[in-house]
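Topology and contacts: notes
Each chain is listed here by its residues.
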Amino acid sequence: MAGRDTPRASSFAVSFFPLLVAALLRQDAATAQGVPAAAPVPVRVGVISDWSSAVSLRRRTGIEMAVEDYYAAHPGSATRVELHFGDSAGDVIGAASAAVDLIKNAQVQAIIGPQTSAQAEFVAHLGSRAHVPVLSYSATSPSLSPVQTAYFVRTAANDSFQAAPVAAVLAAFGWRAAAVVHEDSPYGAGILPALADALQRTGNAAIVDRVSVRSDASNDALDALLSRLMAKPTRVFVVHATYQLAARLFQRAREAGMMSEGYVWVATDGVGRFMDTLGPEDVGAMQGVVSLRPHVVFTDQVKNFSARFRARFRRDNPGSDDDVFSDPTVMRLWAYDTAWAIAAAAGAVTGPAFQAPQRRPSTAQTTDLDRIGVSATGAALLAAVLNTTFDGMAGRFKLVDGQLQVAAYEVVNIIGKGARTVGFWTPESGLSRELKGGGGKAPPLKPILWPGETPSTPKGWTMSQNGQVLRVAVPVKRGFKQFVDASPNSTTNITGYCIDVFDQVMKNLSYPVTYQYVPFNESSESYDKLVHLVRDGKVDMAVGDVTITASRLEAVDFTMPFTESGWSMVVAARQDPAASMWIFLQPLTASLWLASLAFFCFTGFVVWVIEHRVNPEFRGTPSQQFGLIFYFAFSTLVFSHKEKLESNLSRFVVIIWVFVVLILTSSYTASLTSMLTVQKLQPKVADVTELQRRGHYIGYQEGTFIEPFLRKMGFDERKMRKYSTAEQYAEALSKGSANGGVDAVFDEMPYLKLFLSQYCDGYMMQGPVYKTDGFGFVFPRGSPMVGDVSRGIMRLAEGDETARIEKAWFGDLGRCRSGPDVGSSNLSFQSFGGLFLITGVVSTLMLLLYLAIFAYRERDELRAAEAEAAATASGSGNGSVRRMKAWMQHYDRKDLKSPTFKVWNEESLRNGGDFARTPFARTPPNGGASRTPRAGEEEHAAMGGTSPLSVYVSSEMNAGSSPGGTPASEISESLEQRIEGAANSVEMGGLTISESFEQGIEGAANSVEMGRPTGSRRQ
């Protein structure tokens, strides 16, 4: 329980006497000074209630005490509240009459009361007409709103506030369905919308039944109502009624055996707030009931008030036999705070109290309502009340939108002779054991003793009410009996996939359920009739291959589906014509072919650019170099490239590219192999449009929900044929429309897969899959069993039990084709986009890195080339073009500083010296030794070479074809001289002719070999 923000005084008994003394002293002082004390302005306030009721007498005493206590605490107030009492006689007409009398004759400026919401609604309209604020501490119905009636102020909690605590209690115990018993009055019916919304938000629960009860209902009427509730599966009841009606209801429920184990009764604060009013017999009938009441802290101030109240009540009502020894109720404290609030706000009243009504023609002014005036102080008094805030007896008094706000509700359990607090509810924390916060992982409420004095939490529902065995309807099918196999007149030997799933789920429930299968013979016509059996209460549930649809959900509840969803069509298939001679192009899409060709060329170009200046393998005539670019790149397809790479940059490019080629060729091979080895079939009908355009006949399964959908799609009902078995499907499809069959059969996915598993060859599924929710078990609306069975289906699906049952009835459903193309689909560029991105980025980076290195290392030579080009230019032409041309010419030269050409030059010099010293060395024509090319000459020879970037004709193949720069024409001459020298050596050295000839040939071969670089390199 929560205390108020700032307690006023510890006790009125202690504070009253000093205040009275101070007031007397001030009055004496004013009289001594010759100034008479101003008389307080009277503010007339009416109080309407049923004064024949003991409860009303108690509240009257509390209201009078509040006014007296306020002026005792505020003796200098300029106003003084005068109470005028009107008797409502316990009905609406009496309350209205009392209000008219108080406004017309007593000219009250405010009204407190009356008791009920119906009475308060009428009086509030009168108050709005006369501008008299009506403050009600007991009219809690949401149907009466300050928004609709401007001068109505609710100084109590709106009943809609307690909808959330009630929903939280139900959600705490997992109850998802409840029946509401409410009083047939504005007070009783007003909570229903808020309660329904709160149940939906809190625990996804629902109100499955609502029963209204007249406040004056007889015992027989109550017994009939309870008998109706007992016949329902729900065992959770929410009671919203006045305490008088609720007490009678619980007494009859105890007589009917509904206050026993298994039942749950949750009462609103209409019971909890009046526990001190209920007699011992009434409390005895409510044992185990859980109720709510606004939370109030019994501080010292409240205890002092309670003691003074008992003494005052005995004094004012000496003849009453009402015992008031219990603590004050919340309603009594609200009545006290309401009177205090009016006394506090009365200071805003100034001027005349009432204005006379405008005169009308005498013939029109015929009722008391027409003679009611308008309060001149009503608007100011209303505003003052709405802005009044203080720490009252019941807690903090603060009005928001004209209504009192409640900080917390108390959850009580009626046990023994009274109520025991088991928890609290606040808007911030929800349910908790203590008001200051939750208890960690502990339950939100303390242990509750339920009806029947059982501490165990009831289930909240029963499927076998009145001890009867549940009746479970199953469809009788003529085909596809793997799903359900039932005989028309037998309740035994009912089997099938759906039956096995249901039996396993029911077996796994935490509680036993007794049921019996009942065959339904008319299911072949329409499964909607089977669903209507459950809706009409003729059976308790339905089990079978019943599809969940929106229209059926309006009548019943379904569990979650236990099969896959959707429906489609199956058609006959024909052999695909002979494969095209261009089938080798089909594994790759056109975009992938073009991308591969582009990257082949790009990779070859990058490698050529990097290797051209440093690798003789990548030099030659323009046509040779163009060919080399394509040959090198495409030779990587079979990894047959023999060119030796000299640069690490080009090697890295080729490594990445070879990896891409490996994956690309492997995928191509796999796809082509699949296309060549797997037989392909084509459907005889491509889609629904073709069926409609050609006017083909179609088929469907009898009793299915698909039939109206086919008509909506535009199919002619005269060309729709129904079948019942898989054999009939196969026969009709094989015949076709021309021979009395059909060209397509529409059915749900489970049936089509079963059909294809039996008739795999020659048929295939075609077209889109239209979504549905699959098969589910059927229960009545609001059945609490739906959640448990759905969770059981989920647990079954997560294990291997569902797969075992499915395999036992259907075998392997996935072994047949489900579409026209069972081969591999074409490989698209999107499938290899990542690979192409990697190789493209790597190649581009390596190319840019090479160009940067070339520009940096050759910066001096490039400047010299630019200067030479500028000097030899005729003065015309674009400078940028001339500069680019000079750069390209320099790039086309050999990089003599590279290791490749540096080693070749050294070998050439060494081989050339050896050649001059051999016996067969030819003396050069100029009489000198064999010469080696100078650097300048090699540069000149290189300048003569061309590339795809050059505009000159190359002669380096001739210039560098012999050792030391020896022309190629001298090689044959040297060969002849060596042969001649070999013959002469027979005489000089004594060698045989054959030996001399062999040495001559060997020397000539060496001479030829020295005329070009070693190995297979070309200059």
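Residues numbered from 1 in each chain as written. Predicted model: local features only at pLDDT ≥ 70, side-chain atom pairs only at ≥ 80, totals over all residues. Heavy atoms only, no water.

**Here's the deal with the packing of aromatic side chains**
Tallied over the full model, the rule gives 47 aromatic pairs. Taken together, a centroid distance of 5.2 Å and an interplanar angle of 85° make the contact between Tyr-70 and Tyr-71 edge-to-face. By the burial criterion, Tyr-70 is buried, and Tyr-71 matches it. A cation over a ring is seen here: Arg-721 above Tyr-697, with NZ or CZ 3.9 Å from the ring centre. Sitting over the ring of Tyr-856, Arg-859 keeps its end group 4.3 Å from the ring centre. (Phe/Tyr/Trp six-rings, centres within 6.5 Å; stacked < 30°, edge-to-face > 60°. Buried < 20%, exposed > 50% of the residue type's maximum accessible area, 1.4 Å probe, protein only. Lys NZ or Arg CZ within 6 Å of the ring centre and 35° of its normal.)

**Comments concerning a nonpolar patch on the surface**
A surface patch of nonpolar side chains, about 540 Å² in accessible area, is lined by Leu-597, Phe-626, Phe-630, Phe-634, Leu-637 and Val-638. No other element matches helix 19 (residues 622-635), which puts three residues into the nonpolar patch. When you line up the elements, Phe-626 lands in helix 19. (Patch = residues over 30% accessible without salt bridge, like charges linked within 9 Å, V, L, I, M, F, W, Y side chains within 5 Å. Areas by Shrake-Rupley, 256 points an atom, 1.4 Å probe, with all protein chains shown as cover. Salt bridge = Lys/Arg side-chain N within 4 Å of Asp/Glu carboxyl O. Helix = DSSP H or I, 4+ residues; strand = E, 2+ residues; numbered from the N terminus.)

**Describing the nonpolar core**
Judged by nonpolar contacts, the single largest core of 112 residues is most densely connected at Leu-229, Phe-250, Trp-265 and Trp-334. Looking at this core element by element, the count peaks at twelve residues for helix 13 (residues 330-345). Contact partners of Phe-250, with chain neighbours within four places excluded, come to Val-239, Met-259, Trp-265, Ala-285, Met-286 and Val-289. Counting 52 residues, the second largest nonpolar core, distinct from the first, contains Met-506, Phe-562, Ala-730 and Phe-777. (Core = buried A, V, L, I, M, F, W, Y, C linked by side-chain atoms within 4.5 Å. Contact = heavy atoms within 4.5 Å.)

**Let's talk about the pairing of strand 18 (residues 418-426)**
Pairing analysis gives seven bridges linking strand 17 (residues 409-415) to strand 18, with the strands arranged antiparallel. From the neighbouring strand, Val-411 faces strand 18, where its bridge partner is Gly-423. Taking the residues between adjacent antiparallel strands as the criterion, strand 17 and strand 18 are bridged by two residues, where Gly-416 takes a positive phi near 70°. When strand 18 meets strand 19 (residues 430-432), the two strands line up antiparallel, connected through three bridges. Residue pairing in the sheet places Trp-425 in a bridge with Leu-431 of strand 19. (Pairing = 2+ DSSP bridges.)

**Overview of the environment of Arg-332**
Looking at the element boundaries, Arg-332 is found in helix 13. Residue classification places Arg-332 among the buried positions, given a relative accessible area of 3%. The sequence separation of Arg-332 and Met-393 amounts to 61 residues, and the corresponding C-alpha distance is 9.4 Å. Leave out the neighbours within four places in its chain, and Arg-332 touches Arg-58, Asp-276 and Phe-309.

**Thoughts on helix 16 (residues 527-535)**
For helix 16, the complete set of buried residues consists of Tyr-527, Leu-530, Val-531, Leu-533 and Val-534. Buried residues along helix 16 cover an arc of 145° about the axis, so they all sit on one side. Those residues of helix 16 hidden inside the fold are in contact with strand 20 (470-475), strand 21 (515-520), strand 22 (541-542), helix 17 (550-553) and strand 30 (778-779). Of the residues flanking the end of helix 16, it is Gly-537, one or two places downstream, whose phi is positive at about 80°. (Arc of directions from axis to C-beta.)

**Section: unusual backbone geometry**
Omega for the peptide link from Gly-113 to Pro-114 comes to -5°, which places this bond in the cis form. Along the chain, Pro-114 falls in the loop between strand 3 (110-112) and helix 4 (117-130). In the Ramachandran plot, Gln-107 falls in the positive-phi region, its phi being about 50° despite a non-glycine side chain. Within the element layout of this structure, Gln-107 appears in the loop between helix 3 (92-106) and strand 3.

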